[in-house]
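For reference, the chains in residue letters:
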Amino acid sequence: SKRIGVLTAGGDSPGLNAAIRGLGKAAIGSHGMELIGFRDGIRGLATDRHIELDKAMLSGILTTGGTILGTSRDKVHKMEVDGEVRDMTGEIADIVEKNKLDGLVLLGGGGTAKNALRLAKAGLNVMHLPKTIDKDVAHTDNTFGFSTALEIATDAIDRLHSTAHSHHRIILAEIMGHKAGWLTLGAGIAGGADVILLPEIPFTVESISTAIQHRREKGTNFSVVAVAEGARDLVATAELQAAERLVKDANTPEAKAAAKKHLASVEYEHREHTFKLAHDLEEATGLETRVTILGYVQRGGIPCAEDRLLGSRIGSAAADLIAEGEWGVMVGSKGDDTEPVPLEDVAGNLALVPTDHAWIRTARNVGTNLGD
Ligand code: F6P
């Protein structure tokens, strides 16, 4: 019978345990396979820290947050081990062989897709299941974690409305999403934010303060602004894009290292942008302005029904594909069904919000200012 290794990598995300359970129950129960779980993502894989996953261990985890396996943000080819940065591809191949594994299932987001492709190129059987609250993985309708985070961020915007309204304040809610605006856009629309700022649409303080002044002229002296953690104003966006281009174009290792250092300093310069924006809006509008950073609250706690369903669907479909001998793919969600997508099409292919996306149209149609 087949023997499979599973791990969870990158930020924790609601629905991870549902996906481990879906994979495990289908693999063990329906297909008679054996399953082992590596602890703490790629780190536990590279150091062979694992547990046998039996049916009892998969019981009672459908509704729980986090990941029973633990996670980390390591790169296969650049892992810090004993104070040294090493490529662990060879060690991982040995560990796969030693444990007599037919293949590995990696649950994670964009970084994990890259790790999965690297291991596949080294000749291993690898499958990727798309997990992230950011919904920025290409070729899948959704990623487990997003729907729960959307509920939490929307609830936060609802609650912030009470204080914004009662104190006649502007409140900025900073929402996660890395370089993508899906979570902020979705929660901003669902929570009725007056302004939504996304990484995909650089903003100007002038556009936002004009929108807020218009509301004021009509007698509404409060505003709730949903700010994506990756949203930047026009000037910062141009600076960041230029620095990113330098990294991309650098053609020697030395030039790349220097360009990366420069990019890090530009990023550092534009950190805490939400607080800076709050200051600028207070100056421009004369309204008291406050910031709430939602942070890890968005990733914690029990998964909503949608994420339990998605994790179960994708996890169990992965077991079916493994039974058929299909490797080297991400199991994407397509409508109510799933679809295997080659890892090459997913890795390094960040799914940002297209500026002509239907949700953007929705936001504009209901009168939301998008900062541009
Ligand atoms: O990818 C999920 C995410 O929560 C992003 O939205 C955010 O940018 C990042 O992880 C935070 O990373 P960390 O867990 O390392 O603080």
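Rules used throughout
- Here, residues in each chain are numbered from 1, in the same order as that chain's written sequence.
- Local features are withheld for residues below a pLDDT of 70 in this predicted model, meaning they are given only at 70 or higher, and side-chain atom pairs are given and counted only at 80 or more; totals for whole chains, interfaces and linings count all residues.
- Strands are runs of DSSP state E lasting at least two residues, helices are runs of H or I lasting at least four, and both sets are numbered from the N terminus onward.
- In this setup the radius of gyration rests on C-alpha atoms only. A globule is expected at 2.2 Å times the number of residues raised to 0.38.
- Field definition: a residue is buried when 20 or more other C-beta atoms are found within 10 Å of its C-beta, exposed when 12 or fewer are, and partly exposed for counts in between, with C-beta atoms placed from the backbone.
- Contacts here follow a simple rule: the backbone-placed C-beta atoms of the two residues must lie within 7 Å.
- UniProt positions are given in the numbering used here, feature names are shortened, and annotations may be inferred rather than shown by experiment.
- Every axis in this analysis is a line fitted to C-alpha atoms, fitted for helices over the stretch in contact. Angles between the N-to-C directions lie between 0 and 180 degrees.
- Under this scheme an angle from 65 to 115 degrees is roughly perpendicular, one under 35 degrees roughly parallel, and one over 145 degrees roughly antiparallel; angles in between are oblique.
- For any helix crossing, the convention is left-handed if the near helix is rotated counterclockwise from the far helix by under a right angle, and right-handed if that rotation is clockwise.
- In this count, Pro and Cys sit with the nonpolar residues alongside Ala, Val, Leu, Ile, Met, Phe, Trp and Tyr, while Asp, Glu, Lys and Arg are called charged and the others, Gly among them, polar.
- Take the residue count of a helix, subtract one, and multiply by 1.5 Å to get its expected span.
- Paired strands, as defined in this entry, are two strands with at least two bridges between them according to DSSP.
- Seen with its strands pointing away from the viewer, a crossover is right-handed when the path leading from the first strand over the helix to the second is clockwise.

Describing the overall build of the chain
Thought 1: What the chain contains, in helices and strands, is 13 helices and 14 strands.
Thought 2: The globule rule puts the C-alpha radius of gyration for 372 residues at 21 Å, and the 22 Å found for the chain is close to it.
Thought 3: Dimensions along the principal axes, computed over C-alpha positions, put the chain at roughly 70 × 50 × 35 Å.
Thought 4: In the chain, which comprises 372 residues, the proportion classed as buried is 47%.
Thought 5: Contacts in the chain between residues at least 24 apart in sequence constitute 75% of all its contacts with a sequence separation of at least 6.

Section: the UniProt feature "binding site: ATP" (unreviewed entry) in the chain
Thought 1: The feature "binding site: ATP" (unreviewed entry), as annotated in UniProt, sits at Gly11, Arg73 and Asp74 in this numbering. For the annotated residues, spread through 64 residues, the largest C-alpha to C-alpha distance comes to 11.0 Å, consistent with a single compact locus.
Thought 2: By secondary structure assignment, the location of Gly11 is in the loop between strand S1 (3-8) and helix H1 (16-30).
Thought 3: Within the element layout of this structure, Asp74 appears in the loop between strand S3 (50-53) and strand S4 (79-81).

A look at the environment of Arg299
Thought 1: The residue Arg299 is located in the loop between strand S12 (289-293) and helix H11 (305-323) in this model.
Thought 2: Since 20 C-beta atoms lie within 10 Å of it, Arg299 is described here as buried.
Thought 3: Distance in space between the C-alpha atoms of Arg299 and Gly65 is 8.3 Å, their sequence separation being 234 residues.
Thought 4: Other than its neighbours up to four places away in sequence, Arg299 contacts Gly11, Asp12, Ser13, Ile133 and Ala149.

Brief notes about the packing of helix H5 (residues 146-167) against helix H6 (residues 182-190)
When two helices pack together, their arrangement is given by the angle between the helix axes and the distance between those axes.
Thought 1: Direction vectors running N to C along H5 and H6 enclose 50 degrees, while the axes themselves pass 8 Å from each other. As the angle between them shows, H5 and H6 are arranged oblique. Our pair here, H5 against H6, has a crossing hand that is right-handed. Across the interface between the two elements, Phe146, Ala149, Leu150, Ala153, Thr154 and Ile157 of H5 pack against Trp182, Leu183, Gly186, Ala187 and Ala190 of H6.
Thought 2: For the contact of H5 with H6, the residue count by class is nine nonpolar, two polar and no charged.

Description of the UniProt feature "active site" (unreviewed entry) in the chain
Thought 1: Following the UniProt record, one finds the feature "active site" (unreviewed entry) at Asp134.
Thought 2: Mapped onto the elements of the fold, Asp134 is located in the loop between strand S7 (126-132) and strand S8 (144-145).
Thought 3: Asp134 has contacts with Gly109, Gly177, His178, Ala180, Trp182 and Leu183, leaving out every residue within four places of it along the chain.

Overview of helix H10 (residues 273-285)
Thought 1: Compared with the 18 Å implied by 1.5 Å per residue over 13 residues, the 18 Å span of H10 between its first and last C-alpha is a close match.
Thought 2: In this structure, the buried side of H10 is in contact with strand S9 (170-175), helix H7 (205-217), strand S11 (223-228) and S12.
Thought 3: Looking one or two residues past H10, Gly286 carries a phi angle of roughly 75 degrees, positive in sign.

Re the pairing of strand S2 (residues 34-38)
Thought 1: Of the strand pairs in this sheet, S1 and S2 are connected by four bridges, and their pairing is parallel. Directly across from Val6, in S2, lies its bridge partner Gly37.
Thought 2: In this fold, S1 hands off to H1, which returns the chain to S2; that crossover is right-handed.
Thought 3: Pairing of S2 with S3, which is carried by four bridges, proceeds in the antiparallel orientation. Each bridged residue has a counterpart across the sheet, and for Gly37 the counterpart in S3 is Ile51.

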